[in-house]
Structure formats: structure tokens, C-alpha cells
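Coordinates in review
Spelled out, the chains give:
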Amino acid sequence: MEFLIFIGLIWLFATIFGDKTPKTQTPPRPPVDPALEAERRASQKRDDDHFGQAFGQWVDHLSGVISGGRWIPKGTIARFLAKHPAPKHPRKTWKQAVGESSPEETLRLQFHKSNASHLAHQKVVRKDFFNTVEKNPLTDEQIHACICMDDAVMVVAAAGSGKTSTMVAKTGYALHEGLATPEQILLLAFNRATADEVGQRIAQQLKGVPQVEKVRSNTFHSFGIDVIGKATGKRPSLAPWVDPSNPGADVREVGDIIRTLSDQDKAFKRDWDLFRTVYARDVGNWGEPDVPDAYANGVRGFRTARGEVVKSMEERMIADWLFYNGVSYDYEGRYEHETADSQHRQYFPDFYYPDAKLYHEHFALNAKGQAPKHFKDYLAGVKWKRALHVEKGTALFETTSHGLLSGEAIEALEQALIDRGVQPVFDPNKEATGLPPVHEQDLARSFRVFQQHVKNNGLTHQDLLDALKAQSEEGFGARLRMYLAIYERIAAEWERRLQVGQFIDFEDMLILAAGHVESGAYKSPYTLILADEFQDSSRARIRLLKALAAQSNPPAHLCVVGDDWQGINRFAGSDITVMTEFEKTFAHATRLTLNTTFRCPQDLCDVSSQFIQANPAQIKKKVKTTNPLSKTPMLAYGFSDQASIVGYVEKQLAHMHHVAVNGKLVPAKGTHITVMLLGRYRNDKPAALAAWQQRFGDRLAIEFRTAHGSKGLEAEYIFILNVVEGTRGFPSQIQDDPALQLAMPAPDPFPVAEERRLFYVAMTRARRQVRIYTTLGQPSRFLVELAKKEQLKIEPIDGEPLEPCPECGRGILQLRSGSYGEFNGCSRFPACEFKRKVGQNTPSKTKPKPRTQRLPDSAKSGDQCPACRRGVIQSRNGRHGPFLGCSRFQDGCKATRNLSGSVE
């Protein structure tokens, strides 16, 4: 009650003493002068009539475009407005006067409506052509791609969706509709086989079209040479070491350049030797967690040239520099003083140099003295170590991550050793007892790929320096500088050899050709340009296509067909971003899709599509099929030993042959059942292939291809061999050098992205079934991923079933023994430390006994182990004398060879 009285008093107070200002009233409108109002209305009517008349004239021009009976390209909007500017109303916006937001929107809606009507009409009018131009009637998606004549069209096509059929049909449609004459049509392909196939199919499928033989189908390279010849009057000569008929010759030429420069220039030789022995392996960006790849004496980390395992890639680089410079060192040896107390354990410094009486700590600190965020209490440990050396009077030398990455640390270390009486002497030929130097051929290939990207992207020396500066902020700047310096000397000699022989290379040819088109020195007759395998294009090819399309007015119609899911030629200078950034590159661009495949069963489409789209950078699409097969499309077999794979493949081929002879397995087409054996590398080719072809050749057509070489091909059965984890496994772990990013416009950060695309290519070659062969101890992470998602089951042929690691999802659980008994651990150890103890009541599975395998006579110290493909061949001494053995001996690889010839 007291509260209500209080509220009432406040109201009364406000009423009495509140604002007494009278409320504002709307003033009355002044009287309207009838004469002025009549004039105002007359003026508005004149404005409306004038706009209406102008708008009518504008619409008449528009009607002339729409009534043309053809597809109206997107670029017509800008061209129409440039020729016929939209009328402007003096008082009203376009939306108020017309109803749409802008003249561009009005045109877009009108053209879209016209094109939709044109598309429907052409489907009916040209129905017979679309049903008969190829052996199967075209799908609606293919027909749309044929009829759509926007300025630049990108057709994103799934594997087996009829890309070539679409190009052939679009050519025929344009000819039948009179959109171009045969000599105005140009088809460009990435390789000669594709260009020849497209040309042959056009001649065959369109043989009723007059002068169809004048349609031009070329590779980019042959077309580019012709452009240069016509523009200059002199056809250039390609350097013999880039001849497509001699694969790998360009890399061998780079290798020869390196050897020549090393013989002629002592400074180059030192830089080259220092790079290949010490700096060839990157250490990653500062602050990123290392992923260990070796284990020894309780240490997870990275094997050095001397053979021990250190805890970081930065420490490995330091250790390798010490090894090749002949500096005696102890790694993490016991400190000369006792340090264990209630707060600290015994101290083990990173490095100790006995000849210099010098301790060396390498601290993971950046330029600001900060440690990585995942390093807990790290700075306290740094402070304690520094204080300890002061207290005990021992000499401490420090390096940091920043100093190592910038290049200052190694110089300072060398000087510190010299000051204390130790003179480092570099010996690049010192035989590594542990991790060998990176193979020279692999480095030569890296420099060749780098050169292709530099030239294709038109990068100058300053561009590379700018990229170097940017990447050095977090990356290994000292290594990048050395890589770039070596590259520029190799590139200079490459150019010198071209000049001496009066040759050009592929990159020069594309750049020169594009320049001649841009300058007008070459007059393009083409109004319809189609390009196949667009995902394999480089920036230089894009420049040529843009120049050709822009030379005519209106621009030539450009249609490119490709699949970013199958972009696997980065090593040849290709850039996958040409597809993902198509709309940014080409004005008035349209993206269409071919989502219907004529090849793979639906289950295989679903699994492979989900697998490739794990990388979010890939263009999304959902693939459906016309293939009615529903029998298990993917099988995987696991073996305890990789050597057992070939024998099992032979048994399966024999069974298929037997069933075929009995008439229970018939070819989908032709007289033979097609079987394609795929390997990641050429040396995956089975030695027994020729014998199999002879033995089963009356029923089975068997061939071997690398995964790269299988692109564009298909078979009823695909056998993918040796799908194992390892340096030369599938995925290959011979990583692209991080230095390549200096020349790349947009790096792909997704792990092993190109290898994932390559595995997708391998899977999607099959019309009936894919069979995959792996080992139970080292299955590929790709197979583990599929197994974890229950999309694939790995059938153990001579061992126990596999269980994916529940922690990393990339390895599988293996039975191991430790100080506390048996446990299941991840096969990716030491990269993954997952462990699960085997229960006392759970019967343990017998651990397979490793088999001894004799190394071939050609194997030598430093080579990759051919048995496990993960270890390195090392020289050792045993009870029977010196022998060669694998560095992974303790991890189960028993490959050996006595140096006198007998098996150890």
C-alpha cells in the first residue's frame, strides 16, 4: 500500500509541475495555386512521356537482340549498354520507373528468359542430333553445355561423364546452327593423345558436315609453335630435352646443368653440396608442431645423417651440419654436474662439443623471445638452464629458431667453434650412417618444376624476392634464399643452352604465342574455342586462351571442360586454381556441370566423391551414374608381406580366366574382359605381366599403367597395387618442396591434396570393380580413412583383420610388447602415440614373425630399402662380417645382404 501511495504522489507532482508546453500541432497547408499545380502535373507528364518514349526506343533495340533466335551471352549486357545507354528519368529511379533495380538487372532478366526459351526450343529442334551424335543420347547436362554460348563457359565434369563427347557434340551443334564455320573452330588439348582422339571423333561423328576436316584439334604446344611461326615468319625449334616423346629428359638436363656448374664453379659446388646434404629438408614453419617419423632409445623424433634420433627437425638440421663438417658432438648427453632435485630432473643439454668444452642449447624461440603456444612452461626452463651454466661455470652457446630460420645461427655456431679451437671442415662426400642426403634427381626435379611455375606465371626476379620476403616471416628463410640462389644459376645456364641451340622450351613457346596474339601480330580466325582437360592448365595457357578470345569483337566463345577432382599435373606446371578461380579470371563467365557418369557403379561414385571432397577446396558436386551394377564395387586385400601381393593377383587373374572360359564372366563390350593394373610408380609393374598376358590373353586384356598414366582411360576391373604407407607409397611422401610456394599463386594447404586427387583418378577408372592391394602392417592412410568410415573393408589374406587407430584415424592398431606387457599401438608411431593395453582375459593375437629378405645386389648404402620402402640401407658389422641392412631393423624389416654375397 505504501508503494502505491508513493507512485501516486510522483504522478501528482508531475502533473502539477511538469512541462506545460502545449503539444505541437501540424500547421495547416497553404492553399494550392491551381495554375501552379496544373503546371507541375503537366511537367511530370512531360517527364513521364519523354522517358516512356526513350524507354520504348531502348526496348526496340533490345527486341532486336532477343529476336535473333540465338543464345544471348552474358557479356551482351555490357556491350548493349555501351551501344544503347539506358534512358534516365529526371525524377525517378530505375526501380520506380521500370520495376527492376537497374538497367543491368532488366537486361539480365530478359536475356535469361530468352535463353531459357531458346534452350527448350533447341532441345526439341535438335533432338535427333543430340540423340545420335554419340553412341549414347546426350544427357540434359551435356545438351545444356552444347547450347549455352556465354562468353566463357567452364564445364566441370565428373570422371566418365563424357567430356570428349560434349566437345564433339558442341562442335557439331555450332556447325549445324551456323554459329561458326569449320575453319573458325579450334579445339585445344593438354596432350597429343587427347588432341588426336578429339580430332578423330569429330571427323567420324560429324562426317556428314561439309569441310568438317577443317576443324582444328591441336595440343597447346603445337598450336603455340604455329602461332609464333605465322607471326614471325619463322617456326621455332623446341629444345630436344623437352620433347614429349622423351619423358624425363628435362629433369635429366637440369641434372646435367648441376653437374656442369659444379665442375666449373667452386662456389656453386659448395652451395649445391651444402644444400643437398644439410638444407634439402625443410624444418617447417615456426610454431607448428613437428610430426615425428623415427624412434630410437626412447626418443620420438627425426633421424639424422649420423643415425641418432633427435627431437625436432631444427635439431636434425644442426646435427647434419655438424656431421658433414666433421664436428664431434654428443646429443643429449648427461651434464657434467648433478642437477636432479625436488624441482628439476637431471639435465641433458641438446649438444655438447667435447673438443671445444662447449655446451649448446637450441631454444624454440622466435624473434621476440616467445615460445610456441603448445610449449608449456618453456621459458622457465630456458631461464633455469641459463642460470645453471652461470652457476656451474660451464660454457653455453645458444641458438634459437629465429636464428636458425634466418641463417644467423649456423654462422654464429661455426664462429663459436672456431673461437674455441675447433675448425669445421665441410665434407659433402662423407657417407651417412643414418639418413642419407636427398637424392640429386629428386632435387633436380624440384628445380625443374619450380622453373615451370616461374615461367608460366611470368614471375620476375623481384617477384621472387617479394615472395621470399613474405614466406621468410614464418618459414625457413635461409633455406629459401639458398634454394632461390641455386635455382637462378640453374635457370641462367638453362637459358644459355637454349640460346646456343636457338631453341625455346614449352613455357617460352606459350608466352611468346600469347604475346603475338595480344599484340595483333597473329590474327586469330577462331570464333569458337574449346579446351579439354582444363584442370591441367598453367597460367601461361590461360593467358593464351584469354588473348585468343579477346581478339574478335564480340569476343570468341570460349568453352573449357575439366575436372578439378582430377588435377594431378602440378609437377608439369599445372595450377588447379585455374578452375576454382575461373569466374575471377574470365569476364561474364558461366559454370556448368556434368554430374552423370557413364562409367562407375553408384556405390563407387558415392565413396570416391566423398573421399575427394574431404578437401574443402575441391568444387562440390554430386555424381550419379547410368551404370546399373550394384555388386560390391570396391574390395581391398591385406597381406603380411608386400611380396605376397603379386602371387595373389595371379590367382585372381587365373580365377577370372577360368570363369570367363565357362561363360560366367562376359566382356561388357568387345571380345575381352579388360583388366588394368595400376601402380603409383613405374617399378610397381609386376615382373610377371608379360607371362600373364600370354597365359590369360585369350580372355583377358591385361595392361599396366601408372596412376598418372591411367587418366582418361577405363577398364572393367582396376587392380591398384602396393597401396601402402611410406616414402614411396600411395600417397607418396616425397613431398613437394615448400620452396615451390615461392612461385605458386595459391598453395593448397590440405595434406597430400594432389595425391588424394591421384587416388581418386585411380579409383574412378573402373566400370565394374576396383580391387586394392595393401599390407597389414603398412596400409595407406587413404585405406584406413575409408575403413574408418566403413566405406571399405580390408580383407586379411594371410594375417589378422585391421582396426583403424581411434586417435589419428590414419594408422592401424598393431600388437606390440612393452615393459608392462602386450599392448595395441598405432602403426604410425612415433607420429601417433596411441596405446591400448591388451586385457588379461583377452586372447592376444600372435605377432607375426618378420621374414628375412635378401637385398638385391644393386642395393647400396644410402638407398631406400626396397623391402619396406620406409627405411634406409646402412652398412653394419655382424657376427659374420660386414653387411647391408635396413635402418628399420628393430621395427621389423629384416632385409639384409652380406657384403661378400651370402645372406646374413
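Report follows, based on the coordinates.

Each value, and the rule that gives it
Residues numbered from 1 in each chain as written. Predicted model: local features only at pLDDT ≥ 70, side-chain atom pairs only at ≥ 80, totals over all residues. Heavy atoms only, no water. Pairing = 2+ DSSP bridges. Helix = DSSP H or I, 4+ residues; strand = E, 2+ residues; numbered from the N terminus. Contact = heavy atoms within 4.5 Å. Axes fitted to C-alpha atoms, helices over the stretch in contact; angles between N-to-C directions. 1 Å grid on protein atoms, 1.4 Å probe; cavity = no way out; pocket = protein on both sides within 12 Å on 5 of 7 lines; lining within 4 Å. Points joined across faces, edges and corners; volume = space filled by probe spheres on them. Expected span 1.5 Å × (residues − 1). Buried < 20%, exposed > 50% of the residue type's maximum accessible area, 1.4 Å probe, protein only. Arc of directions from axis to C-beta.

The strands making up a sheet associate through hydrogen bonds between their backbones, and the pairing can be parallel or antiparallel. Read from one edge of the open sheet, 4 strands run β8-β9-β10-β11, paired in mixed fashion. The open sheet is flanked by β8 (330-331) and β11 (396-400), the only strands paired with a single partner. Bridge count for strand β9 (residues 351-353) against strand β10 (residues 358-363) is 3 bridges, and the pairing is antiparallel. Across the sheet, residue Tyr352 finds its bridge partner in β10, namely Tyr359. The strands that helix α13 (residues 313-324) touches are β8, β9, β10 and β11; relative to β9, the one it contacts most, it runs at about 15°. Sheet strands in contact with helix α14 (residues 378-392) are β10 and β11, and its direction is about 165° off that of β10.

On to the layout of surface pockets, then. Counted as a void, the second largest pocket has a volume near 990 Å³. Forming the boundary of the second largest pocket are 36 residues, of which Lys311, Glu315, Ala364, Phe375 and Tyr378 lie nearest the centre. Those elements that place two or more of their residues in the lining of the second largest pocket are β6 (299-303), α13, β10 and α14. Ranked by residue count, the leading element in the lining of the second largest pocket is α14, at 5 residues.

With 15 residues, α14 ought to run about 21 Å at 1.5 Å a step, and its terminal C-alpha atoms sit 21 Å apart, in line with that. Among all positions in α14, only Val382, Leu388 and His389 are buried. The buried residues of α14 all sit within an arc of 125° when viewed along its axis, so they share a single face. Along α14, the residues that are exposed and aim more than 90 degrees away from the buried face are Ala380, Lys383, Val390 and Glu391. In this structure, the buried residues of α14 make contact with β10 and β11. The first or second residue beyond α14 is Gly393, which carries a positive phi of 75°.

With antiparallel pairing, the 3 strands of this open sheet are ordered in space as β5-β6-β7. Only two strands of the sheet have a single partner each, and these edge strands are β5 (294-296) and β7 (309-310). As paired strands, β5 and β6 are joined by 3 bridges and run antiparallel to one another. Considered in β6, the bridge of Ala294 is made with Gly301.

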